[in-house]
Amino acid sequence: MNIFRLIGDLSHLFAILILLLKIWKTRSCAGISGRSQILFALVFATRYLDLFTHFISLYNTLMKIFYLCSSFGTIYLMYVKFKATYDRNHDTFRVEFLLIPVAILSLIFNHEFDVLEILWTFSIYLESVAILPQLFMVSKTGEAESITSHYLFALGAYRGLYILNWIYRYYTEGFFDLIAVIAGIVQTVLYCDFFYLYITKVLKGQKFSLPA
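As the structure is a prediction and not an experimental result, all values here were calculated from the model.

(A) Highlighting the overall build of the protein chain. Secondary structure assignment for the protein chain yields 9 helices and 2 strands. What you see in the protein chain, going N to C, is helices and strands ordered as α-α-α-α-α-α-β-α-α-α-β. For the protein chain, the C-alpha radius of gyration of 17 Å lies close to 17 Å, the compact-globule estimate for 212 residues. By principal-axis analysis of the C-alpha atoms, the protein chain measures approximately 45 × 35 × 35 Å. The burial tally for the protein chain puts 46% of its 212 residues in the buried class. Taking contacts inside the protein chain between residues at least 6 apart in sequence as the whole, the part at least 24 apart equals 76%.

(B) Layout of the packing of helix α2 (residues 34-47) against helix α3 (residues 58-81). Where α2 contacts α3, the axes come no closer than 9 Å and their chain directions differ by 155°. Taken together, α2 and α3 sit at an angle that is classed as roughly antiparallel. Seen from above, α2 lies across α3 with left-handed handedness. For the pair α2 and α3, contact is made by Gly34, Arg35, Gln37, Ile38, Ala41, Phe44 and Ala45 and by Tyr67, Leu68, Ser71, Phe72, Thr74, Ile75, Met78 and Tyr79, respectively. The residue makeup of the contact of α2 with α3, split by class, is 10 nonpolar, 4 polar and 1 charged.

(C) Just a nonpolar patch on the surface, in detail. A surface patch of nonpolar side chains, about 820 Å² in accessible area, is lined by Leu164, Ile167, Tyr170, Tyr171, Phe176, Leu178, Ile182 and Val186. Among the elements that take part in the nonpolar patch, helix α7 (residues 146-173) stands out by supplying 4 residues, more than any other. Counting through the fold element by element, tyrosine 170 comes out in helix α7. The class for tyrosine 170 is partly exposed, based on a relative accessible area of 44%.

(D) Quick look at the UniProt feature "transmembrane region" (unreviewed entry) in the protein chain. Feature annotation in UniProt assigns "transmembrane region" (unreviewed entry) to the following positions: residues 6-24, 36-56, 62-80, 92-109, 115-138, 150-168 and 174-199. Here residues 6-24 runs as 100% helix and 0% strand, with 27 Å between its end C-alpha atoms. Along residues 150-168 the backbone is 100% helical and 0% strand, and the end-to-end C-alpha distance reaches 27 Å.

(E) Spotlight on unusual backbone geometry. The backbone of arginine 27 shows a phi angle near 55°, a positive value even though the residue is not glycine. Assignment of secondary structure puts arginine 27 in the loop between α1 (3-26) and α2. Arginine 27 sits in the partly exposed class, given a relative accessible area of 40%.

(F) Representation of the packing of aromatic side chains in the model. Overall, the coordinates contain 15 aromatic pairs when judged by the stated rule. Here tyrosine 170 and tyrosine 171 contribute two aromatic rings whose centre-to-centre distance is 5.2 Å and whose plane-to-plane angle is 80°, an arrangement assigned as edge-to-face. Members of the aromatic cluster, connected to one another through ring pairs, are Phe44, Tyr48, Phe66 and Tyr67. A cation sits over an aromatic face here: arginine 27 above tryptophan 24, 4.7 Å from the ring centre. The cationic tip of arginine 169 hangs over the ring face of phenylalanine 175; the distance from NZ or CZ to the ring centre is 3.9 Å.

(G) Layout of α7. Helix length check: α7 (28 residues) gives 39 Å between terminal C-alpha atoms against 40 Å at 1.5 Å per residue, within 8%. At the exit of α7 stands glycine 174, carrying a positive phi of roughly 75°.

Reading guide: rules and limits
Residues numbered from 1 in each chain as written. Predicted model: local features only at pLDDT ≥ 70, side-chain atom pairs only at ≥ 80, totals over all residues. Heavy atoms only, no water. Helix = DSSP H or I, 4+ residues; strand = E, 2+ residues; numbered from the N terminus. Rg over C-alpha atoms; globule rule 2.2 N^0.38 Å. Buried < 20%, exposed > 50% of the residue type's maximum accessible area, 1.4 Å probe, protein only. Contact = heavy atoms within 4.5 Å. Axes fitted to C-alpha atoms, helices over the stretch in contact; angles between N-to-C directions. Parallel < 35°, antiparallel > 145°, perpendicular 65-115°, else oblique. Left-handed = near helix turned anticlockwise from the far one by under 90°. Nonpolar A, V, L, I, M, F, W, Y, C, P; charged D, E, K, R; others polar. Patch = residues over 30% accessible without salt bridge, like charges linked within 9 Å, V, L, I, M, F, W, Y side chains within 5 Å. Areas by Shrake-Rupley, 256 points an atom, 1.4 Å probe, with all protein chains shown as cover. Salt bridge = Lys/Arg side-chain N within 4 Å of Asp/Glu carboxyl O. UniProt positions renumbered as here; feature names shortened; annotations may be inferred. Phe/Tyr/Trp six-rings, centres within 6.5 Å; stacked < 30°, edge-to-face > 60°. Lys NZ or Arg CZ within 6 Å of the ring centre and 35° of its normal. Expected span 1.5 Å × (residues − 1).

This is the structure:
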């Protein structure tokens, strides 16, 4: 494992811990998109079907288990334990506009027409756009709590670091996965406006808000 992937994984882990900490400490999931969290849970559920059949390393297995447990745990907190604080009125992104195209793409563009491979491809494509309901929610409210901004930044940083990981692997191992690279670039581009506002506002101690 190279340094870019390790830091990327840590950034992803940090993002999830920030989200869970925010919900648990404030006893509220205000400002968090439940629809994005459902999409992320679907990403992990379809990607890690080989959890108990394909062992790579203890690190890999533990990370898979953490992603699955944390994603479904987040959904439980949002839709069951703290459901009274969930802002359904602003979380209105039509997820079928993401799921249908992603499903079609995974059936057409994949490495192998095999059930597990198609589901893995589906998870890669879906992860690239799963954050859209959250970004759409922020755009509707016009602002986000600082801790929510930190969560989004860490999540975006994870994907950006993975692009560096692929570049490193291409030059050192000759490894290149076009599907993963394109999906990763799409996901990173979606964060660009947010990164700019985060750097120019949140890091300067200002509240994250969109320009009027």
